[in-house]
Amino acid sequence: MRTGEINAGEGPSVWVVGDRYTIKASGVDTGGAFSLIEAWVPPQSGPPPHIHHREDEAFYILEGSLEFHADGQAFRPEPGSWITLARGSLHGFRNVGDAPARMLILTTPAGLERFFLEVGRPAAAGDEPAPPTEQEIERLLEAAPRYGLEIRPPGR
């Protein structure tokens with residue numbers, strides 16, 4: 001495990017399916033115990049329904065209006081809420097508000113951050129979100145099984 005500091009706006013950052021994910025703590029930093037990722041989700045954006053077969057996932061909502069769907073349930077947590085999802089749950093989320101949403105995503109054990117870094121497009125300060133290209137979606141679907149992810153995009 002490494003000792004260090006990541007300041008606001010720092011950490012490897014990538015665009016994945018239209019959302020920006022910034023790695024605050026990776027498996028390298030935590031001895032593989034967990035990863036911590038800051039997500040910035042534009043209005044009407046969010047990942048397709050998916051299942052994690054390797055890690056549990058939790059979310060701390062910082063700002064915005066997100067709707068989560070998990071194992072047939074829908075809920076809209078307010079900023080300051082904590083959501084936990086066990087591995088194996090079919091879930092997804094969407095920003096249902098008019099402004100960007102931000103949250104922290106904790107995964108245990110670590111590993112999901114490597115998936116984001118592999119499939120994402122590098123993000124730089126001032127970048128604007130863009131809808132994912134067909135090529136980006138195909139790269140995501142091809143890489144997902146290597147990371148224990150099962151993605152169930154609508155219409156596929």
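Refer to the structure presented above.
Remember, it's a predicted structure, so these values are computed and weren't measured experimentally.

Peer 1: Would you mind going over the overall build of the protein in detail, with residue names and values included?
Peer 2: Secondary structure assignment for the protein yields 3 helices and 12 strands. For a compact globule of 156 residues, the expected C-alpha radius of gyration is about 15 Å, and the protein comes in at 15 Å, within 12% of that figure. The principal-axis extents of the C-alpha atoms in the protein amount to approximately 40 × 30 × 30 Å. Out of the 156 residues in the protein, the part that is buried amounts to 44%. Looking at the protein alone, contacts between residues at least 24 apart form 70% of all its contacts between residues at least 6 apart. Within the structure as shown, the protein displays about 8100 Å² of accessible surface, and the carbon and sulfur contribution to it stands at 54%. Positive and negative charge centroids in the protein, built from 14 and 22 side chains respectively, lie 3 Å apart.

Peer 1: Tell me about helix H2 (residues 112-119), and name the residues and values.
Peer 2: Buried residues of H2: Leu112, Glu113, Phe115, Phe116 and Val119, and no others. For H2, the buried positions fall inside an angular range of 155° around the axis, keeping them on one side.

Peer 1: Any details on the side chain of glutamate 113? Residues and values, ideally.
Peer 2: The topology assignment puts glutamate 113 in helix H2. In this structure, glutamate 113 is buried with no salt-bridge partner, the nearest side chain bearing the opposite charge being arginine 114 at 4.5 Å. Only 3.4 Å separates the side chain of glutamate 113 from the side chain of serine 35, close enough to count as a polar contact. Beyond its immediate chain neighbours, meaning those up to four positions away, glutamate 113 contacts Ile23, Ser26, Gly27, Ser35 and Ile37.

Peer 1: Could you give an account of the packing of aromatic side chains, naming the residues involved and the relevant values?
Peer 2: In the structure shown here, the tally under the stated rule is 8 aromatic pairs. Look at phenylalanine 68 and phenylalanine 75: their rings are 5.8 Å apart centre to centre, the planes differ by 5°, and that puts the pair in the stacked class. For phenylalanine 68, a relative accessible area of 1% corresponds to the buried category. An aromatic cluster is defined as three or more aromatic residues linked by ring pairs; in this entry it consists of Tyr21, Phe115, Phe116 and Tyr147. Positioned above the aromatic ring of tryptophan 40, the side-chain terminus of arginine 20 is 4.8 Å from the ring centre.

Peer 1: Tell me about the pairing of strand E1 (residues 13-16), and please be specific about residues and values.
Peer 2: Every second residue of E1 is oriented toward a common face, with Ser13 and Trp15 on one face and Val14 and Val16 on the other, all of them buried. In this structure, E1 lies alongside strand E2 (residues 19-25), joined through 4 bridges in antiparallel fashion. Bridged to tryptophan 15 within E2 is arginine 20. Both E1 and strand E11 (residues 121-122) contribute to a ladder of 2 bridges, which runs antiparallel. When the bridges of E11 are listed, valine 14 appears paired with proline 122.

Peer 1: Hey, could you go over the sheet that holds strand E12 (residues 149-151) for me, with residue numbers and the actual values?
Peer 2: Taken in spatial order, the 5 strands make up an open sheet running E7-E6-E9-E4-E12, and their pairing is antiparallel. The sheet is open, and its two edges are formed by strand E7 (73-75) and E12, each paired on a single side. The mean angle between the axes of side-by-side strands here comes to 25°, regardless of whether they run parallel or antiparallel. The sheet contact formed by strand E4 (residues 50-52) and E12 spans 3 bridges and is antiparallel.

Peer 1: Provide a residue-level description of unusual backbone geometry, including the pertinent values.
Peer 2: The step from threonine 108 to proline 109 runs through a cis peptide bond, and the omega angle for that step is -5°. In this fold, proline 109 is placed in the loop between strand E10 (101-108) and H2. In this structure, valine 17 is a non-glycine residue whose phi angle is positive, near 40°. In this structure, valine 17 sits in the loop between E1 and E2.

Rules behind the numbers
- Residue numbering note: each chain is counted from 1, following its sequence as written.
- Per-residue local features are limited, in this predicted model, to residues with pLDDT of at least 70; the limit for side-chain atom pairs, both in listing and counting, is 80 or more; totals at the level of whole chains, interfaces and linings are taken over all residues.
- By convention in this description, side-chain values take in all heavy atoms of the structure and omit both hydrogens and water.
- Each helix is a run of H or I in the DSSP string that is no shorter than four residues. Each strand is a run of E no shorter than two, and both are numbered from the N terminus.
- The atom set for the radius of gyration is the C-alpha atoms, and the globule formula is 2.2 Å times the number of residues raised to the power 0.38.
- Exposure classes here rest on a 1.4 Å probe applied to the protein chains alone. A residue is buried below 20% of its type maximum, exposed above 50%, and partly exposed in between.
- Should any heavy atoms of two residues lie within 4.5 Å, those residues are considered in contact.
- Accessibility throughout is a Shrake-Rupley quantity obtained with a 1.4 Å probe, and a residue counts as covered only by protein chains that appear here.
- Residues scored as positive are Lys and Arg, those scored as negative are Asp and Glu, and His as well as the terminal groups of each chain are ignored.
- In this description, the location of a charge corresponds to atom NZ of lysine, CZ of arginine, CG of aspartate or CD of glutamate.
- Note that the arc is computed from the directions linking the helix axis to the C-beta atoms.
- Salt bridge, as applied in this entry: a Lys or Arg side-chain nitrogen positioned within 4 Å of an Asp or Glu carboxyl oxygen.
- In the analysis that follows, any N or O atom pair within 3.5 Å is treated as a polar contact, provided that within protein one partner can donate a hydrogen and the other can accept it, and provided that, for residues neighboring in sequence, both atoms belong to side chains.
- By convention, a stacked pair of Phe, Tyr or Trp rings (six-membered ring in the case of Trp) has centres within 6.5 Å and planes under 30 degrees apart, an edge-to-face pair has planes over 60 apart, and any other such pair is tilted.
- Whether a charge lies above a ring is judged from NZ of Lys or CZ of Arg, which has to be within 6 Å of the ring centre and within 35 degrees of the ring normal.
- Should DSSP find at least two bridges between two strands, the strands are taken to pair.
- Here an angle of 0 to 180 degrees is reported between the N-to-C directions of two axes, which are lines fitted to C-alpha atoms, with helices fitted over the stretch in contact.

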